[in-house]
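Here are the chains, one letter per residue:
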Amino acid sequence: MKEKTLHMIGNAHLDPVWLWQWQEGFQETKATFRSALDRMKEYPDFVFTNSSAANYEWIENNEPEMFEEIKQRIKEGRWEIVGGWWIQPDCNLPSGESFVRQGLYGQRYFQEKFGVTAKVGYNVDSFGHHGMLPQILKKSGMDYYIFMRPSPQEKGLPGRLFWWESDDQSRVLAYRIPFEYCTWGKDVEKHVRRNTGELKAPFNDLMCFYGVGNHGGGPTKENIESIKKLDRDLKLPNLVFSTPNQFFDEIMKKNLPFPVVHDDLQHHASGCYAVHSGIKKWNREAENLLQKAEKFSAIANWITGQKYPLSEYDRAWKNVLFNQFHDILAGTSLEAAYDDARNMHGEAMSIASRGLNYALQSLSWRIDIEEEAGMKPIVVFNPHSWNSKVNVELEVGGLREGDILVDQEGNQIPIQTVQSQATAGGRFRISFIADLPSMGYRVYKIIRSEVTKEYPTIKATDHVLENDAFRIEIDPVTGFIKSLFDKIKNLELLDGPAARPVVIEDRSDTWSHNVLQYKNEVGTFKAKSAKLVESGPVKSVIRVTSEYGKSTLVQEFTMYKELDQIDVHCTLNWQEQFKLLKIKFPVNIIFRKATYEIPYGHIVRECNGEEEPGQNWIDISGTHLHTGEMYGLSLMNDGKYSFDIHNKEMSITILRSPIYAHHDPTVPEKDGHYSFIDQGIQKFTYSMLPHTGNWETAGTVKRAAELNQKPVSIIETYHKGSLPQIDSFITVDVDNVIVSVVKKAEDNDDLIIRAYETANNGTTAVIQLPKWNRSIKAEFNPSEIKTFRIPRDSFKDVLETNLLEWVE
């Protein structure tokens, strides 16, 4: 009797978008599913495995008869649902909440349509896997995880099977697929024999994936006949038509001692963290706009009765989730696919913008604002669960000489007129620092006053900006920052020129296969001008215009009177090919700790110069070289995901410019005509936050969230109302717990609140909803995500749920 078993997993890896657009992927999904159903009729022992709820929604909407047939096969246990997500996304770049929504919409769809949920997470082609995934998978109903990349030569692991653990101690049993997730034509025998060589004690069972893939196809008659024939070979293990659920069930019965991996799973295709700035920026904007819209729509629904657009937000999220497919968000699809992605993101953001506006105007219209001649009320809403002090800019009409800004109590607030976005007359743009209550709003008013306070401007020249805490100096020749000086601590943070735009040769393919670092510098942008363009009591701005080759970069270095961070608003016109742009920041820090934000968490990595994925911020903290104090620098951004830290130099990778969808080993022709990625104009912002101590005490997570999810301003009028001129809807009593989501429940009128611990430090937090006399006291493990369901009926208890909004 054979002791070893290969579980033959019949599947069809189906990229809905890659070297084709989604319409072709749609058709191929139908063809692939039809083929799998036909094989089931021909071979009673054949079973099929498939993921991605988005594909099933296509079938449901376009081929309802086939959908019913699939339903029956799932009921029989011959068609197995895995993955539990809307799509197989890139597993580094989406936000933490996007990974939650992949499960929320995917698992609930499978439950509603087929009466099952996936037990096995499944991302066989994604290019790396962030370290918070075990918790997200576990809290979305999945105990197991299947992946293939990184391969053994890219990351050593203690075995094919291991417990994968995240910071809160959540674990899933993970399986790295040997060699390949699909087969081609007659390759099954070679594939089986290779997999047989991987069967090593004490693991006598492995999964062997077969079926034509990438452009769909699935198991063929020849595949199935070959497996049956090979199973008769006594020198080979048992070949069993099986599923991932069956494999994991049998493995768990054996009670084997699996090793534990507490890390993210990297690196494969490091170029995907930066390539195609457009899709990266649209993704970041859409994620944040949707979360902001949901928060205020939920609040307005409970306060004013404004309708919560649940089905519209579901559609918008599904657009965003679809565009997180690993070959779309990674930037590796053909050019036309990004026109489709832009349009889908546009639909999502239009839905979110409309819902947000309805909610905010419903609330602001009910604020009691007194009548006063010439007064212009401005309501500023804060989407965050902490008191937020941020720069607010908005366009207004009819600003007059002598107008001042006051808060709801009549205290004058410094205001500055900056360049309007409208060149026609009659419009003005104002800037001020708003001090906003936690997840609430505050009314400010532009009024006429004969008595005004004079506020000192920030000290500023064409090359120097200085507030009470910091001074930065720009080198007029290079345009780089030559000094970032902490006046309070009397220390220089920089160890060389910073904000230095470095051009690096990059002839790798779109994925940057087998590239871990980008080091071949071929030049830098050099300053053509550096001049002070704004100066006032709120902020001062030096605009540095630089050039490299045919490309130009405008960096507007912005220092605020009342804020510690230095924002840099950038406009880049990139005209280079086979090159990459980084902006570099060397710091005077030794005994360094390099930290990167990852989805709903963070990770400490080596300062080895390797390209790494990150989210809103990265940080170096350690001992200052000259003073011996604990000090650091956080770099925040509003749409970049690729970074490296080499010794004491931090870098943000702004873009790469390879050919669209170029894959090794294809070599581009020297005089071939190709379309290159990221040509033309893009805008982005990065922000420097120097700090004493470490990032946890510096508020880096919150400052980066404020950069990405900005306050919203409504120009109102006077009217009677039931709401006060300042109000707060949600508060948290500790700094290291953040409420990231407030939304309507998917299945009733309950309020859903999601919060997470940000500093990897277990704590007790109290979340207050003062309007509804609700208080949630909860214990958070380090980096734990918690979800709460709050009934409208105040006599009903608040319940903790999993990420699917189900009480376990």
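This report concerns the structure included in the present document.

Focus: the overall build of the protein
Tallying secondary structure elements over the protein gives 14 helices and 46 strands in all. A compact globule built from 808 residues would reach a C-alpha radius of gyration of about 28 Å, and the protein, at 28 Å, matches this within 12%. Seen along its three principal axes, the alpha-carbon backbone of the protein occupies a region of about 95 × 65 × 50 Å. Among the 808 residues that make up the protein, the fraction classed as buried is 64%.

Some details on the sheet that holds strand β21 (residues 481–486)
The strands that make up a sheet are held in pairs by hydrogen bonds between backbone atoms, and each pair lies either parallel or antiparallel. Spatial strand order, β18-β19-β20-β21-β22: five strands in an open sheet with antiparallel pairing. Of all the strands in the sheet, just β18 (459–460) and β22 (491–492) have a single pairing partner and so form its edges. As paired elements, β21 and β22 share two bridges and run antiparallel to each other. Each residue of the ladder has a partner; that of Asp486, found in β22, is Leu491.

Notes on the packing of aromatic side chains
Throughout the structure, instances matching the rule amount to 41 aromatic pairs. With a centroid separation of 5.4 Å and an interplanar angle of 70°, the aromatic rings of Tyr175 and Phe247 are classed as edge-to-face. With Tyr175 in strand β7 (residues 171–176) and Phe247 in helix α8 (residues 244–253), this residue pair connects regions lying 72 residues apart in the sequence. For Tyr175, a relative accessible area of 0% puts it in the buried group. Residue classification places Phe247 among the buried residues on the basis of a relative accessible area of 0%. Through a chain of ring-to-ring contacts, the aromatic side chains of Phe33, Phe48, Tyr56, Phe67, Trp79, Trp86, Tyr109, Phe110 and Phe114 assemble into a single cluster. For Lys640, the ring lying beneath its charged end belongs to Phe684, and the centroid distance is 5.0 Å. Above the ring of Phe780, the side-chain terminus of Lys786 is found at 5.9 Å from the ring centroid.

Let's talk about empty space enclosed by the protein
All told, the structure shown has five cavities of 30 Å³ or more when counted by the stated rule. Approximately 390 Å³ is the volume attributed to the largest cavity. Together, 27 residues line the largest cavity, and Asn288, Gln291, Asn616, Ala705 and Tyr756 are the ones closest to its centre. Counting residues per element, the ones that place at least two in the lining of the largest cavity are α4 (96–114), α9 (277–303), β30 (589–598), α14 (700–708) and β41 (737–744).

Topic: the pairing of strand β13 (residues 403–406)
The alternating pattern of β13 places Asp403 and Leu405 and Ile404 and Val406 on opposite faces, both of which are buried. Relative to strand β17 (residues 440–448), β13 runs antiparallel, the two being bridged by four bridges. Residue pairing across strands places Val406 opposite Lys445, the latter belonging to β17. Examined bridge by bridge, β13 and strand β14 (residues 412–413) share two bridges and lie antiparallel to one another. Of the residues in β14, the one forming a bridge with Leu405 is Ile413. Linking β13 to β14, which pair antiparallel, is a turn of five residues; within it Gly410 sits at a positive phi near 90°.

A few points about the packing of helix α3 (residues 64–76) against α4
Where α3 contacts α4, the axes come no closer than 10 Å and their chain directions differ by 90°. Between α3 and α4, the interaxial angle falls into the category roughly perpendicular. The segment α3 lies against α4, with Phe67, Lys71 and Ile74 engaging Tyr109, Lys113 and Phe114. A breakdown of the residues in the contact of α3 with α4 according to their chemical character gives four nonpolar, no polar and two charged.

What about the nonpolar core?
Counting residues in hydrophobic clusters, the biggest one holds 222 residues, and the most contacted among them are Trp79 and Phe585. In terms of residue count, the dominant contributor to this core is helix α12 (residues 335–364) (12 residues). Ranked by size, the runner-up nonpolar core spans 15 residues in total, among them Val380, Leu394, Ile430 and Ala434.

Examining the side chain of Ser483
Inspection of the secondary structure puts Ser483 in strand β21. Looking at Ser483, its side chain comes within polar contact range of the side chain of Glu492, at 2.5 Å. Non-local contacts of Ser483, meaning those with residues more than four positions away in its chain, are made with Arg471, Ile472, Glu473, Glu492 and Leu494.

Points about helix α10 (residues 310–322)
Here α10 is 13 residues long and its end C-alpha atoms lie 18 Å apart, about the 18 Å a rise of 1.5 Å per residue gives. When you tally the buried positions in α10, you get 10 out of 13 residues, the bulk of the element. The set of residues buried in α10 consists of Leu310, Tyr313, Asp314, Ala316, Trp317, Lys318, Asn319, Val320, Leu321 and Phe322.

Observations regarding the environment of Leu405
The topology assignment puts Leu405 in strand β13. Residues Leu405 and Ile790, spaced 385 residues apart in sequence, show a C-alpha to C-alpha distance of 38 Å. Ignoring sequence-local partners within four residues, the contact set of Leu405 consists of Asn411, Gln412, Ile413, Ile415, Phe432, Tyr444, Lys445 and Ile446.

Some thoughts on the layout of surface pockets
When its volume is computed, the largest pocket comes out at roughly 1,700 Å³. Lining the largest pocket we find 50 residues, and of these Glu393, Gln421, Arg429, His569 and Lys710 sit closest to its centre. Counting residues per element, the lining of the largest pocket draws most heavily on α9, which supplies six residues. Across the lining of the largest pocket, the residue classes break down as 19 nonpolar, 15 polar and 16 charged. Taken as a whole, the second largest pocket holds about 690 Å³ of empty space. Surrounding the second largest pocket, 32 residues form its lining, Arg149, Ser151, Glu154, His268 and His513 being those nearest its centre. Of the residues belonging to the lining of the second largest pocket, the class tally is 14 nonpolar, 10 polar and eight charged.

Digging into the pattern of salt bridges
One pass over the full model with this rule turns up 64 salt bridges. Close ionic contact of Arg400 with Asp403 constitutes a salt bridge, the shortest N to O distance being 3.1 Å.

Structural notes on unusual backbone geometry
In this chain, Arg149 is followed by Pro150 through a cis amide linkage whose omega measures 5°. Here Gln266 and His267 are connected by a cis peptide whose omega angle stands at 0°. Tracing the sequence through the fold places His267 in the loop between β10 (260–261) and α9. At Ser783, a residue that is not glycine, the phi angle is positive and equals roughly 60°. Among the secondary structure elements, Ser783 is positioned in the loop between β44 (774–780) and β45 (785–790). For Ser783, a relative accessible area of 0% puts it in the buried group.

Criteria and thresholds
Residues numbered from 1 in each chain as written. Predicted model: local features only at pLDDT ≥ 70, side-chain atom pairs only at ≥ 80, totals over all residues. Heavy atoms only, no water. Helix = DSSP H or I, 4+ residues; strand = E, 2+ residues; numbered from the N terminus. Rg over C-alpha atoms; globule rule 2.2 N^0.38 Å. Buried < 20%, exposed > 50% of the residue type's maximum accessible area, 1.4 Å probe, protein only. Pairing = 2+ DSSP bridges. Phe/Tyr/Trp six-rings, centres within 6.5 Å; stacked < 30°, edge-to-face > 60°. Lys NZ or Arg CZ within 6 Å of the ring centre and 35° of its normal. 1 Å grid on protein atoms, 1.4 Å probe; cavity = no way out; pocket = protein on both sides within 12 Å on 5 of 7 lines; lining within 4 Å. Points joined across faces, edges and corners; volume = space filled by probe spheres on them. Axes fitted to C-alpha atoms, helices over the stretch in contact; angles between N-to-C directions. Parallel < 35°, antiparallel > 145°, perpendicular 65-115°, else oblique. Contact = heavy atoms within 4.5 Å. Nonpolar A, V, L, I, M, F, W, Y, C, P; charged D, E, K, R; others polar. Core = buried A, V, L, I, M, F, W, Y, C linked by side-chain atoms within 4.5 Å. Polar contact = N/O pair within 3.5 Å; in protein donor to acceptor, adjacent residues only side chain to side chain. Expected span 1.5 Å × (residues − 1). Salt bridge = Lys/Arg side-chain N within 4 Å of Asp/Glu carboxyl O.

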